[in-house]
Number of protein chains: 2
Amino acid sequence: LAKEKKMVEEITSMSEDFAQWYTDIIKKAELCSYSGVRGCMVIQPYGYAIWENIQKIMDKRFKETGVQNVSMPMFIPESLLQREKDHVEGFAPEVAWVTHGGNEELPERLCVRPTSETLFCDHYSNVIRSYRDLPKLYNQWCSVVRWEKTTRPFLRSTEFLWQEGHTAHATQAEAEERTRMMLNIYADICEKELAIPVIKGQKTEREKFAGATETFTIESMMHDGKALQSGTSHNFGDGFAKAFGIQYLDENNEQQYVHQTSWGVSTRIIGAIIMVHGDDAGLKLPPRIAPIQAVIIPIAMHKEGVLEKTAELYERLKKSFRVEFDDSDKSPGWKFSEYEMRGVPIRIEMGPKDIENNQVVLVNRVNREKTFVSLDNVETELQNLLDKIQQQMFDAALENRESKTSSAVTYDEFKNIIAEKGGFVKAMWCGDEECELKIKEDTTATSRCIPFEQEKLSDVCICCGKPAKHMVYWGKAY
Amino acid sequence: LAKEKKMVEEITSMSEDFAQWYTDIIKKAELCSYSGVRGCMVIQPYGYAIWENIQKIMDKRFKETGVQNVSMPMFIPESLLQREKDHVEGFAPEVAWVTHGGNEELPERLCVRPTSETLFCDHYSNVIRSYRDLPKLYNQWCSVVRWEKTTRPFLRSTEFLWQEGHTAHATQAEAEERTRMMLNIYADICEKELAIPVIKGQKTEREKFAGATETFTIESMMHDGKALQSGTSHNFGDGFAKAFGIQYLDENNEQQYVHQTSWGVSTRIIGAIIMVHGDDAGLKLPPRIAPIQAVIIPIAMHKEGVLEKTAELYERLKKSFRVEFDDSDKSPGWKFSEYEMRGVPIRIEMGPKDIENNQVVLVNRVNREKTFVSLDNVETELQNLLDKIQQQMFDAALENRESKTSSAVTYDEFKNIIAEKGGFVKAMWCGDEECELKIKEDTTATSRCIPFEQEKLSDVCICCGKPAKHMVYWGKAY
Ligand SMILES: [Zn+2]
Ligand SMILES: [Zn+2]
């Protein structure tokens, strides 16, 4: 008992200090650890296994829409980065510069990619000649570097892992369609696979990506009332194409500029999984991406037949599930806490009485409910419970988000909610950057997005009182 | 016909200029292209798909032995790189240095990882405490950077993709076992999946990895008589552990140093696939890793029923194979050359006559043999032919290697073979680095490995005449 207590004590409670809770969980569950390199993470096996499961799902979805994977260099020559004006302004202040190769100073500095638009554009300008070469639907899985001043594991680190898709199309309509398609795929994966409900919308001019004509985003709500941008999809129009000279001969033999998009999801999403689903006992991992979907724990392990029967069950279940078998010397109670802390959706208990009754006990991580199921159809029952947990987690996350979503029609009300309750605040906006800036200064909340699903809360901007153009989700964000 | 001829003409013949043949194939098959960054490649979709298939196979094999994937930072602080003396000497002259983050000069330079021993050691020194924490069996898929003076696609580039496994063990025996286990897995994958026969052996002191106590290697033979090191596995003993202070408490509560290994295979292996299997018509890809295992080409496409039936066949075959369907307007002849050039193992032809006879024609890329098979069991026949081609490719590569392997007992003979015929030359060696250096100076051939399978060709060193210690494979190498 002392040990079990200790494990939970090592995790600060959410309500006491959310940031510390987050850090404790990451450390305790061995998701990642800091390295000797400032702001860079070592993603440990359990954390990386989550990322691999997300990758597998995303990669499959991308490929189903015709996307092909490639690998671009990690370096960008300074002159190439400078080709598109808005883009370089957005990124140059936060890149790492390589100045020497071996013992020699380089004739031109190279930055470590903070994102790869410029490299894809350079390549596209070399390989796109005719309308027959279009569309190009490329993606890469890699890491990028942004020189951040303050860092937090998964949420903001100097180097992080992501995928970046970069496409080139013959028409603006096609680019627009792809931009929305990828946002919808991201939203679908978040909701169905990660059990994270998201708000889909468009970023304001101020918040959009450097060089984009429009940026779409999915925004999710954490347990502490802060929002997290969970994926973005950018439409570049022909801006990059003009800066990089990416032209094709159309069917009438005329030169046209391509229209481009890019879209990305990063290991930040693991931060979202932790902060959307976790509780004071530790992680809760959605069954579809949990590295361990169920753990088998023998009860009264030293009684005759227990080890044998549980090992048998393990061999049987591992054919269809990501299952683990813990026959270590630790006490069952210690193991219960350990796997709860690691967010394993289902614990399978099996002791002498269960063996006698030809049954096992399934324990649901979300609500700790126990179900006794017959060994004869344990696969079906296990799968059903995994599906149920997946749904329960989504429902709980949605309920939490709704409880943390408010509307405001006066600025006092708005400021109060942000200060007292946090969460998303829906409010009308005139469309002027000035108001956006004032709101940020007054409250530290930023515009999260102009949601695709608009509501009319009032006729006037919450900040300046001028006629309103959009309903906007506002909130403090990671 | 003119067009078909043109495609082959764009590829320089092997016998005329092997290096140009290699470059032509890579360009024509769109495997990779140079980027605007000196010595860095853009791996294009077809090339990357080969890498993904190799990754999938390797990753599965690694995980079956308990290996877990992680992600380490791409940067190494200069002081960390310098911790192990031999290691830094080997790598410091060829690394890229990051000196600035954003607009600020860094207090300490960071190198972009040329390999990650130092990072894994740093992490292991933080997380290994007791014998219960061992073994650590970590791997990462990433890119590394080595500032190369001359570069060639896949074979030698400033940045390249690879996997690097890094393990820590309680005992030297366990580390030795892991070093050999991984070499055997590499050899097995090369032979069974890539159809590349390899020589397994140990590197000499001079050729071993910087910081290793022993380096094992698999060496393969290219079409032009040059060898290619295709994978290496290193035993570090406790050298790194001592330099980085990686200790654990053993079962008797005593501090012990861990014993470590590392092992890697890179995108160089794609260069080997090209140069072991290709011919003047283009690539030949081993069925197990070919992105397209078979292409369906409709014959007399505009005749009634042809498009319909071939499309139907495509829908049917794509359930079990990586198959493509080319219903473009290009002539069948053009398509034949195109897919031969891209190394697709099997072409499936289907025209009006075939439809009438309920058959298709399978054409083998290796020998262009045609087989008529019934539509009723096309899946079985296709799989059989893929397996047969896989074996034929291995057999041909082995035959080629044997025809390019010689033995020498006098130094004149040795020098003659290297100069005239190339390939592997087996010869006895006294074990002195002096002779190794002299041989390199005289012939440009290097010791490829001391093969595990030793033969006694004579009693004395081929170079100095002193008593021989080992039989060594020598050769010019990529
Ligand atoms: Zn306003
Ligand atoms: Zn000698």
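Residues numbered from 1 in each chain as written. Chains lettered and ligands numbered in written order. Predicted model: local features only at pLDDT ≥ 70, side-chain atom pairs only at ≥ 80, totals over all residues. Heavy atoms only, no water.

Enquirer: Please set out the interface of chain A and chain B residue by residue, giving values where relevant.
Expert: Between chain A and chain B, the residue contacts involve 48 residues of the former and 48 residues of the latter. Of the roughly 3800 Å² buried between chain A and chain B on both sides combined, carbon and sulfur atoms contribute 61%. Its largest share of buried area at the contact with chain B, chain A owes to Pro-45, Ser-71 and Met-74 of chain A, together 14% of the area lost on that side. Counting the contacts that link chain A with chain B gives two salt bridges. Residue Glu-52 of chain A pairs with Lys-63 of chain B through a salt bridge whose shortest N-O separation is 3.1 Å. (Contact = heavy atoms within 4.5 Å. Buried area = accessible area lost by both parts, 1.4 Å probe. Salt bridge = Lys/Arg side-chain N within 4 Å of Asp/Glu carboxyl O.)

Enquirer: Please give an account of the coordination of the zinc ion (ligand 1) that cites residues and values.
Expert: Residues and elements named next belong to chain A. In this structure, Cys-430 (SG), Cys-435 (SG), Cys-461 (SG) and Cys-464 (SG) serve as the protein donors to the zinc ion (ligand 1), at separations of 2.3 Å. Metal-centred angles of 103 to 117° between the four donor atoms at the zinc ion (ligand 1) mark the site as tetrahedral. Mapping the donors of the zinc ion (ligand 1) onto the primary sequence yields the spacing C-x4-C-x25-C-x2-C. Of this pair, Cys-430 sits in the loop between β21 (424-429) and α15 (433-443) while Cys-464 sits in the loop between β22 (446-451) and β23 (470-475), placing them 34 residues apart in sequence. (Donors = N, O, S within 2.8 Å, 3.2 Å for Na, K, Ca; no water. Tetrahedral: all angles 85-135°; square planar, octahedral: opposite > 155°, others 65-115°. Helix = DSSP H or I, 4+ residues; strand = E, 2+ residues; numbered from the N terminus.)

Enquirer: Could you give an account of the environment of Phe-321 of chain A, with specific residues and numbers?
Expert: Residue and element names in this part refer to chain A. Along the chain, Phe-321 turns up in the loop between α10 (306-317) and β16 (323-325). Residue class for Phe-321 comes out buried when judged on its relative accessible area of 8%. Measuring from C-alpha to C-alpha, the distance between Phe-321 and Ile-292 comes to 8.4 Å, with 29 residues separating the pair along the chain. Once residues within four sequence positions are removed from consideration, Phe-321 is found in contact with Gln-293, Glu-379, Leu-382, Gln-383 and Leu-386. (Buried < 20%, exposed > 50% of the residue type's maximum accessible area, 1.4 Å probe, protein only.)

Enquirer: For the packing of aromatic side chains, give the residues involved together with the corresponding values.
Expert: Residue and element names in this part refer to chain B. Scanning the model with the defined rule gives 38 aromatic pairs over all chains in all. On the basis of an interplanar angle of 20° and a centroid distance of 6.3 Å, the ring pair of Phe-62 and Trp-141 is categorised as stacked. Here Phe-62 is found in helix α3 (residues 45-64), whereas its partner Trp-141 is found in strand β7 (residues 136-145), with 79 residues between them in sequence. The pair formed by Phe-62 and Trp-141 is uniform in burial state, with each residue classed as buried. An angle of 45° between the planes, with centres 5.5 Å apart, marks the rings of Tyr-124 and Tyr-138 as tilted. Separated by 14 residues along the polypeptide, Tyr-124 in helix α6 (residues 117-127) and Tyr-138 in strand β7 bring together distant segments of the chain. Looking at Tyr-124, the relative accessible area reads 0%, which means it is buried. With relative accessibility at 4%, the residue Tyr-138 sits in the buried group. Positioned above the aromatic ring of Tyr-46 is the side chain of Arg-342, whose terminal nitrogen or guanidinium carbon lies 4.2 Å from the ring centre. (Phe/Tyr/Trp six-rings, centres within 6.5 Å; stacked < 30°, edge-to-face > 60°. Lys NZ or Arg CZ within 6 Å of the ring centre and 35° of its normal.)

Enquirer: An account of the pattern of salt bridges is requested, with residue identities and associated values reported.
Expert: Residues and elements named next belong to chain A. Applying the stated criterion to the full structure yields 63 salt bridges over all chains. Its salt-bridge partner being Glu-340, residue Arg-368 comes within 2.8 Å of it at the nearest N-O pair. Of the two residues, Arg-368 sits in the loop between β18 (359-364) and β19 (370-374) while Glu-340 sits in helix α11 (residues 332-341), which places them 28 residues apart along the sequence. On the accessibility criterion, Glu-340 (13% relative accessible area) is buried. Each of Glu-340, Arg-347, Glu-349, Arg-368 and Lys-370 takes part in salt bridges that share partners, so that together they form one network.

Enquirer: Please provide a residue-by-residue account of the relation of the copies chain A and chain B, values included.
Expert: Each copy of the sequence occupies a distinct position, and chain A is placed on chain B by a rotation of 180° and an axial shift of 0.0 Å, giving an RMSD of 0.0 Å. These values place the two chain copies in the arrangement generated by a two-fold rotation axis. Using C-alpha coordinates, one finds that chain A approaches the rotation axis most closely at Val-98 of chain A, a distance of 2.1 Å. By residue overlap, the copies meet face to face through one surface: 100% of the interface positions of chain A are interface positions in chain B. (Least-squares fit on C-alpha atoms with pLDDT ≥ 70 in both.)

Enquirer: Any details on α3 of chain B? Residues and values, ideally.
Expert: Residues and elements named next belong to chain B. Between its first and last C-alpha, α3 extends 28 Å over 20 residues, near the 28 Å set by a 1.5 Å rise per residue. In terms of burial, α3 is largely enclosed, as 15 of its 20 residues are buried. Phi turns positive, to about 95°, at Gly-66, one or two residues after α3. (Expected span 1.5 Å × (residues − 1).)

Enquirer: Run through the sheet that holds strand β9 (residues 199-202) of chain A, naming residues and quoting values.
Expert: Residues and elements named next belong to chain A. One open sheet accounts for 11 strands, arranged β3-β7-β8-β14-β11-β10-β9-β22-β23-β21-β20; its pairing is mixed. Across the chains shown, the open sheet's two edge strands, defined by having one partner strand only, are β3 (68-69) and β20 (405-407). Across three bridges, β20 lies against β21 in parallel orientation. Note on β21: the bridge partner recorded for Ser-407 is Lys-426. Its contacts with the sheet place helix α3 (residues 45-64) against β3, β7 (136-145), β8 (159-169) and β14 (259-266), and it is angled at close to 165° to β7. With respect to the sheet, helix α7 (residues 172-192) is in contact with β7, β8, β9, β10 (214-221), β11 (227-237) and β14, its orientation differing from that of β11 by roughly 165°. (Pairing = 2+ DSSP bridges. Axes fitted to C-alpha atoms, helices over the stretch in contact; angles between N-to-C directions.)

Enquirer: An account of the pairing of strand β22 (residues 446-451) of chain B is requested, with residue identities and associated values reported.
Expert: A regular strand places its side chains so that they alternate between the two faces of the sheet. Residue and element names in this part refer to chain B. Taken across its six residues, β22 has six buried, putting it largely inside the fold. Across two bridges, strand β9 (residues 199-202) lies against β22 in antiparallel orientation. Residue pairing in the sheet places Gly-201 in a bridge with Pro-451 of β22. In this structure, β22 lies alongside strand β23 (residues 470-475), joined through three bridges in antiparallel fashion. For Thr-446, the partnering residue across the bridge sits in β23 and is Gly-475.

Any functional reading would require information that these geometric values do not contain.
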